[in-house]
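Close look at the chain arrangement
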Amino acid sequence: MIRTQRLAVGICALLAAFTVGIAFPAGAVADETTADAPKVDLVLDVSGSMRANDIDGKSRMAAAKQAFNEVLDATPEEVQLGIRTLGANYPGDDRKTGCKDTAQLYPVGPLNRTDAKTAVATLSPTGWTPIGPALLKAADDLDGGTGSKRIVLISDGEDTCAPLDPCEVAREIAAKGVGLTIDTLGLVPSTKLRAQLSCIAEATGGTYTSVEHADELTDKVNQLVDRAADPVVTPVATEGAAACAQAPALKSGLYTDREEFGQERWYRVDVNPGQELRASVSVAADRAVNPDYGVLLRAVTVHAREIVRGEAAGNGRTDVVSTGLRYPKAESDDENAPAETVCLQVTNSFSAAAGVKTTPGMPLELTVDVVDGPSRASDVASFGLGRGWWLLGALILAGFIAGVLWGWLSRWRVAVWRTN
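Let us look at the structure shown here.

Points about the layout of surface pockets
- The space that makes up the largest pocket amounts to roughly 900 Å³.
- What lines the largest pocket is a set of 40 residues, among which Thr181, Thr204, Gly205, Pro235 and Glu365 lie closest to the centre.
- Of all the secondary-structure elements, those providing two or more residues to the lining of the largest pocket are β6 (149-155), α6 (166-175), β7 (180-186), α7 (191-203), α8 (214-229), β11 (253-259), β13 (275-284) and β18 (362-372).
- Looking at the lining of the largest pocket element by element, the count peaks at four residues for β11.
- Considering only residue class, the lining of the largest pocket consists of 18 nonpolar, 13 polar and nine charged.

Remarks on the state of the cysteines
- A full pass over the atoms with the stated rule returns three disulfides.
- Between the sulfur of Cys99 and that of Cys161 lies a disulfide, 2.0 Å long from S to S. Because the sign of the S-S torsion sets the handedness, a value of about -95 degrees for the bond joining Cys99 and Cys161 places this disulfide among the left-handed ones. With Cys99 in the loop between α3 (95-98) and β5 (102-109) and Cys161 in the loop between β6 and α6, this residue pair connects regions lying 62 residues apart in the sequence. Cys161 shares its class with Cys99; the two are buried.
- Note that Cys244 is cross-linked by a disulfide to Cys343, the S-S spacing being 1.9 Å. For the disulfide bridge between Cys244 and Cys343, the dihedral angle about the S-S bond is near -65 degrees, and by the sign convention the bridge is left-handed.

Considering the sheet that holds β7
- In space, the six strands of this open sheet follow the order β5-β4-β1-β6-β7-β8, with mixed pairing throughout. Each having just a single partner strand, β5 and β8 (208-210) make up the two edges of the open sheet. Averaged over all neighbouring strand pairs, the angle between strand axes comes to 15 degrees, with direction disregarded.
- In terms of strand pairing, β7 meets β8 through three bridges, oriented parallel. For Thr184, the partnering residue across the bridge sits in β8 and is Tyr208.

Regarding the packing of α6 against α7
- Contact geometry for α6 and α7: axes closest at 8 Å, N-to-C directions at 5 degrees. Put simply, α6 runs roughly parallel to α7. Contacts from Pro166, Cys167, Ala170, Arg171 and Ala174 of α6 reach α7 at Gln196, Cys199, Ile200 and Ala203.
- Looking at the contact of α6 with α7 residue by residue, the class counts come to seven nonpolar, one polar and one charged.

Concerning the sheet that holds strand β14 (residues 293-300)
- Overall, mixed pairing links the five strands, which are arranged β10-β12-β17-β14-β15 in an open sheet. With partners counted over all chains shown, the strands left at the sheet margins are β10 (249-250) and β15 (306-314), one partner each.
- When strand β12 (residues 264-271) meets strand β17 (residues 340-348), the two strands line up antiparallel, connected through eight bridges. Across the sheet, Trp266 pairs through a bridge with Gln345, a residue of β17.

A word on α6
- Judged by how many residues are buried, α6 sits mostly within the fold: seven of ten residues are covered.
- Among the residues making up α6, those that are buried are Pro166, Cys167, Glu168, Val169, Ala170, Arg171 and Ile173.
- Next to the buried residues of α6 lie α5 (131-141), β7, α7 and β11.
- Where α6 begins, one side-chain oxygen reaches toward the backbone nitrogen of Cys167, 3.0 Å away; that side chain belongs to Asp165.

Some points on the pattern of salt bridges
- The tally for this structure, following the rule as stated, stands at 16 salt bridges.
- Of the charged contacts in the structure, one is a salt bridge between Arg84 and Asp141, with a shortest N-O distance of 2.7 Å. With Arg84 in strand β4 (residues 80-86) and Asp141 in helix α5, this pair connects stretches of sequence that are 57 residues apart. Pair check on accessibility: Arg84 and Asp141 agree, each one buried.
- What you see here is one network of salt bridges that share partners, running through Glu168, Arg171, Arg258, Asp286 and Arg287.

Here's the deal with the packing of aromatic side chains
- The full count for this structure, using the stated rule, is one aromatic pair.
- Ring geometry for Tyr293 and Phe350: centres 4.4 Å apart, planes at 15 degrees, overall stacked. In this pair, Tyr293 is assigned in strand β14 and Phe350 in the loop between β17 and β18, connecting sequence segments 57 residues apart.
- Owing to a relative accessible area of 4%, Phe350 belongs among the buried residues under this scheme.

What counts as what
- Every chain begins its residue count from 1, and numbering advances along the sequence as written.
- Note on the predicted model: pLDDT of at least 70 is required for a residue's local features to be given, and 80 or more for side-chain atom pairs to be given and counted; whole-chain, interface and lining totals, by contrast, use all residues.
- In computing side-chain values, all of the structure's heavy atoms are included and hydrogens and water are not.
- Here a cavity denotes grid points, spaced 1 Å and computed from the protein atoms alone, that fit a 1.4 Å probe unable to get out, and a pocket denotes an open set having protein on both sides within 12 Å along at least 5 of 7 lines; residues with an atom within 4 Å of a point are the lining.
- Grid points are joined across faces, edges and corners, and a volume is the space filled by probe spheres set on the points.
- A helix here means a DSSP run of H or I that spans at least four residues, while a strand means a run of E at least two residues long, and both kinds are numbered starting from the N terminus.
- Asp, Glu, Lys and Arg are counted as charged, while Ala, Val, Leu, Ile, Met, Phe, Trp, Tyr, Cys and Pro are counted as nonpolar; the rest, among them Gly, fall into the polar class.
- Only a pair of cysteine sulfur atoms within 2.5 Å qualifies as a disulfide here.
- Exposed residues in this analysis have more than 50% of their type's maximum accessible area, buried residues have under 20%, and partly exposed residues fall in between, with area computed by a 1.4 Å probe over protein chains only.
- By this definition, two strands are paired if DSSP reports at least two bridges between them.
- Axis definition: a line fitted to C-alpha atoms, limited for helices to the stretch in contact. Angles are taken between N-to-C directions and run from 0 to 180 degrees.
- Roughly parallel means an angle under 35 degrees; roughly antiparallel, over 145; roughly perpendicular, 65 to 115; everything else is oblique.
- Throughout, a residue-residue contact means that at least one pair of heavy atoms, one from each residue, lies within 4.5 Å.
- Identification of polar contacts relies on pairs of N or O atoms within 3.5 Å, with a donor-acceptor requirement for protein atoms, meaning one able to donate a hydrogen and the other able to accept it, and with residues adjacent in sequence counted only if both atoms are side-chain atoms.
- The term salt bridge refers to a pairing of a side-chain nitrogen on Lys or Arg with a carboxyl oxygen on Asp or Glu at a separation within 4 Å.
- Ring pairs are drawn from Phe, Tyr and Trp, using the six-membered ring of Trp, whenever the two centres fall within 6.5 Å, and their geometry is named by plane angle: stacked under 30 degrees, edge-to-face over 60, tilted for the rest.

Structure below.
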């Protein structure tokens, strides 16, 4: 009897272990396949002003519902989509309570179109416009995973919950370096609304669009959701130093950093003989700045000798200034020749407008590419002219021939004049 009980217990333990052994690998595979899935959180303003009937003869809320239903039908299978609302639940006048009114209507994850549409159908314009708190919660909704992350904010009015400025919230989200993009859509052609939504979008490298028709809203949201499914390179957060000696060593890739007004940031890159360093930098003015500004990118040796530089200037009509440089390192006869450490310096001449916060610094994006050097001499800069040397040579030759011909014609005319 005892032997029979022991045998039964052993068989049960074996079956349990076998079951666990099957279950855990399956779960691991599922995690691996969804970890890099693109995520989108649609944040919809459901405040009382969404009752207005000024979009193709129907209410803003009705137009938003129609757009959401069409977007849900067209969402790619690989996109994990969620819906968050702001101002949808509290109808009262207490500002403190109204500014907490944001909720996850449909969780970010694999999309069940029927459930999502049912949730959207229940919405009714209700309360306040807490854009800042909604963005903070939406960033939490997208936490985790390595795929692209995008918030699409649709609103018809400015935030009503200051002093939590939604533009500052967007800058804080961008400063975390999580690779999250916020796109904004305004349903009312208002100057103040445009300024606020543009600021939110620009802080994270997103876009702002003014929408006045239902089909435009559908098309734009569809476009943004599809864009999330496109393969993207997520910038790696880094922190430049105040001097080259303490600068982080970078390899080929895309990096993001923050740079304060008038500040300089240093980075280091190793370049082997026969390789070429290609670097570019973009600095975005994500807040109000004074006109006439510029960005300088320098490549220098560890002994502070400048190798090459790139610079660009702006006059207030663009939000991003970019420049780049190339440095081909000559090949060496010594197979064991060491790599050269090149110091990259990024400097900006932006200045803050009156009353503008200087922290966190402006978003900086640095691209570093170390590739095999060109195999042909014509591919390398010749006397500082690059591939344009042949054009200059042709112009010189044409000028020489034209000069000879003109001189000969002039002498011939003089000779004819004297003869006559």
